[in-house]
Amino acid sequence: VFHGLILARRVVGQETRYEVEVKARYRHRFPLVSREYLWVPNTCGCPALREGGEYLLMARRHVNHEHTLNRILLQDDGYARPWTPREARLVREAARHC
């Protein structure tokens, strides 16, 4: 779970790749650097993330069996909400208890 600013969007094959500036991390299940690529396995724009928008995102690390692919994946029905200070506070509180 992290707070990210969408810098760019690009369709690559049958997927959408977002370049994201990671503003804050709420769960530390896997390391994130300040700039990451976030992949969505479709080209329809679901969930709809606009360039310049800030979002609270719940994604997972996807590693294939051969360990040749290691990326952050946001499923098309994944959690992506516009970031607000209130959302950040609620997630921070939940992260302390989970």
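These notes cover the structure that comes with them. All values derive from a computational prediction rather than experimental measurement. (Residues numbered from 1 in each chain as written. Predicted model: local features only at pLDDT ≥ 70, side-chain atom pairs only at ≥ 80, totals over all residues. Heavy atoms only, no water.)

### Side note on the overall build of the chain
Scanning the chain from N- to C-terminus turns up 1 helix and 7 strands. When the elements of the chain are put in sequence order from the N terminus, they spell out β-β-β-β-β-β-β-α. Taken over C-alpha atoms, the radius of gyration comes to 13 Å for the chain, in line with the 13 Å a tight globule of 98 residues would show. Seen through its principal axes, the chain has C-alpha atoms that stretch 40 × 30 × 25 Å. (Helix = DSSP H or I, 4+ residues; strand = E, 2+ residues; numbered from the N terminus. Rg over C-alpha atoms; globule rule 2.2 N^0.38 Å.)

### Here we look at the environment of V40
By the element assignment, V40 lies in strand β3 (residues 35-40). We classify V40 as buried; its relative accessible area is 1%. Every residue in contact with V40, bar those within four places of it in the chain, is listed here: E15, T16, Y18, C46, P47, L74 and D76. (Buried < 20%, exposed > 50% of the residue type's maximum accessible area, 1.4 Å probe, protein only. Contact = heavy atoms within 4.5 Å.)

### Comments concerning the nonpolar core
Core analysis: the largest hydrophobic core is formed by 14 residues, its most contacted members being F2, Y18, L38, L49 and L57. Among the elements of the structure, β1 (2-12), β2 (15-25), β3 and β4 (54-58) are those that each provide at least two residues to this core. The element contributing the most residues to this core is β2, with 3 residues. Non-local contacts of L49, meaning those with residues more than four positions away in its chain, are made with I6, Y18, L38, Y55, L57, L74 and A80. (Core = buried A, V, L, I, M, F, W, Y, C linked by side-chain atoms within 4.5 Å.)

### Let's talk about the sheet that holds β3
Two modes of strand pairing occur in sheets, parallel and antiparallel, and in both the strands are linked by backbone hydrogen bonds. Strand order in the open sheet formed by 7 strands is β5-β6-β3-β2-β1-β4-β7, and the pairing between neighbours is mixed. The open sheet has two edge strands, β5 (60-63) and β7 (79-82), and neither has a second partner. Adjacent strand axes in the sheet meet at a mean angle of 45°, parallel and antiparallel pairs treated alike. In this structure, β2 lies alongside β3, joined through 6 bridges in antiparallel fashion. (Pairing = 2+ DSSP bridges. Axes fitted to C-alpha atoms, helices over the stretch in contact; angles between N-to-C directions.)

### Topic: the pairing of β5
On a regular strand, each side chain points to the face opposite its neighbour's, so the side chains alternate between the two faces of the sheet. Pairing of β5 with strand β6 (residues 70-73), which is carried by 4 bridges, proceeds in the antiparallel orientation. Counterpart to R61 in the pairing with β6 is I72. Hairpin connection between β5 and β6: a loop of 6 residues separates the two successive antiparallel strands, and H67 in this loop has a positive phi of roughly 60°.

### A closer look at the side chain of R17
Structurally, R17 is set in strand β2. For the buried R17, which has no salt bridge, the nearest side chain bearing the opposite charge is E19, at an N-O separation of 6.2 Å. When sequence neighbours within four positions are dropped, the list of residues in contact with R17 reads A8, R9, R10, V12, Y37, L38 and W39. (Lys, Arg positive; Asp, Glu negative; His and termini not counted. Salt bridge = Lys/Arg side-chain N within 4 Å of Asp/Glu carboxyl O.)

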